[in-house]
Amino acid sequence: YVILQLWDPASQFELWGKKWNKKMSWATCNSLKFLSPKFFRFSFLAQVYMKFKSKYFFNKFDSKTIFNFRQENYLILSELNRFLKNHSIRLIIISITPQKKQTIGIRTLNTVFEEFASKNENVTFLDLNSYFSSIGKTDLYIDTCHLSKLGSKMEAEYLTRVISFLEQKNKIKK
């Protein structure tokens with residue numbers, strides 16, 4: 001199994017809005033080159049700067065940009081999946097799990113993940129957001145996106161159950 005859980009494409013999309021393109025990231029954008037790498041060691045300062053910059057200097061989203069973002073992420077998943085299928089490896093994609101709000105980037109990327117899994121038999125999508133809602137715990141995060149010790153334990157137990165189910169299902173097919 002390869003287990004994929006990532007946030008960065010959604011946060012980059014949120015930051016750049018209509019200016020987003022597939023070659024853009026925090027490491028490649030020219031408008032950030034003047035900042036010292038030391039600045040980004042202090043995540044709170046970087047977050048404040050990025051939120052301010054995206055709120056006041058970048059255009060928000062349009063349907064063309066959202067379409068391009070979806071397509072680019074779908075293409076990357078397709079390439080990864082082709083490689084994994086050629087080596088008989090299953091892909092498990094875990095949803096982005098913010099503690100509070102589902103932003104447009106998070107919703108879009110989670111939708112891409114879920115749709116991709118539904119169209120590829122060797123790919124499983126785990127909706128961790130729904131699972132966490134169903135267990136009713138409130139202490140699963142240490143901040144907006146990072147899981148607490150309990151949150152990590154709950155995710156690992158859920159993932160273990162899903163993998164066990166997939167293994168049983170695979171044995172039945174053979």
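Everything numeric here is computed off the predicted structure, so don't read it as measured data.

Participant: How should the packing of aromatic side chains be read in this particular structure?
Facilitator: One pair of aromatic rings is described through two measures. These are the centre distance and the angle between the planes. Under the definition given, this model contains 4 aromatic pairs. Aromatic side chains Tyr-131 and Phe-132 sit 6.0 Å apart centroid to centroid with 40° between the ring planes, which places their arrangement in the tilted category. One exposure class covers both Tyr-131 and Phe-132, and it is buried. Relative to Tyr-158, the ring of Tyr-131 lies with its centre 4.2 Å away and its plane at 5°, an arrangement referred to as stacked. With Tyr-131 in helix H5 (residues 128–135) and Tyr-158 in helix H6 (residues 149–173), this residue pair connects regions lying 27 residues apart in the sequence. Here Tyr-131 matches Tyr-158 in class, with each residue buried. Through pairs of rings, three or more aromatic residues link up here, namely Tyr-131, Phe-132, Tyr-141 and Tyr-158.

Participant: How should the nonpolar core be read in this particular structure?
Facilitator: It is characteristic of soluble globular proteins that their nonpolar side chains tend to be buried jointly. Membership of the largest hydrophobic core comes to 20 residues, with the highest contact counts inside it found for Leu-77, Leu-91, Ile-93, Ile-96, Leu-109, Phe-113 and Val-123. Contributions of two or more residues to this core are made by helix H1 (8–16), helix H3 (63–86), strand E2 (91–94), helix H4 (104–119) and strand E3 (123–126). In terms of residue count, the dominant contributor to this core is H4 (6 residues). Setting aside chain neighbours within four positions, we find Leu-91 in contact with Val-2, Leu-4, Leu-80, Leu-84, Asn-122, Val-123 and Thr-124. Membership of the second largest hydrophobic core comes to 14 residues, among which are Phe-132, Leu-140, Tyr-141 and Leu-147.

Calculation notes
Residues numbered from 1 in each chain as written. Predicted model: local features only at pLDDT ≥ 70, side-chain atom pairs only at ≥ 80, totals over all residues. Heavy atoms only, no water. Phe/Tyr/Trp six-rings, centres within 6.5 Å; stacked < 30°, edge-to-face > 60°. Buried < 20%, exposed > 50% of the residue type's maximum accessible area, 1.4 Å probe, protein only. Helix = DSSP H or I, 4+ residues; strand = E, 2+ residues; numbered from the N terminus. Core = buried A, V, L, I, M, F, W, Y, C linked by side-chain atoms within 4.5 Å. Contact = heavy atoms within 4.5 Å.

Function cannot be read off these values alone, since they describe shape.
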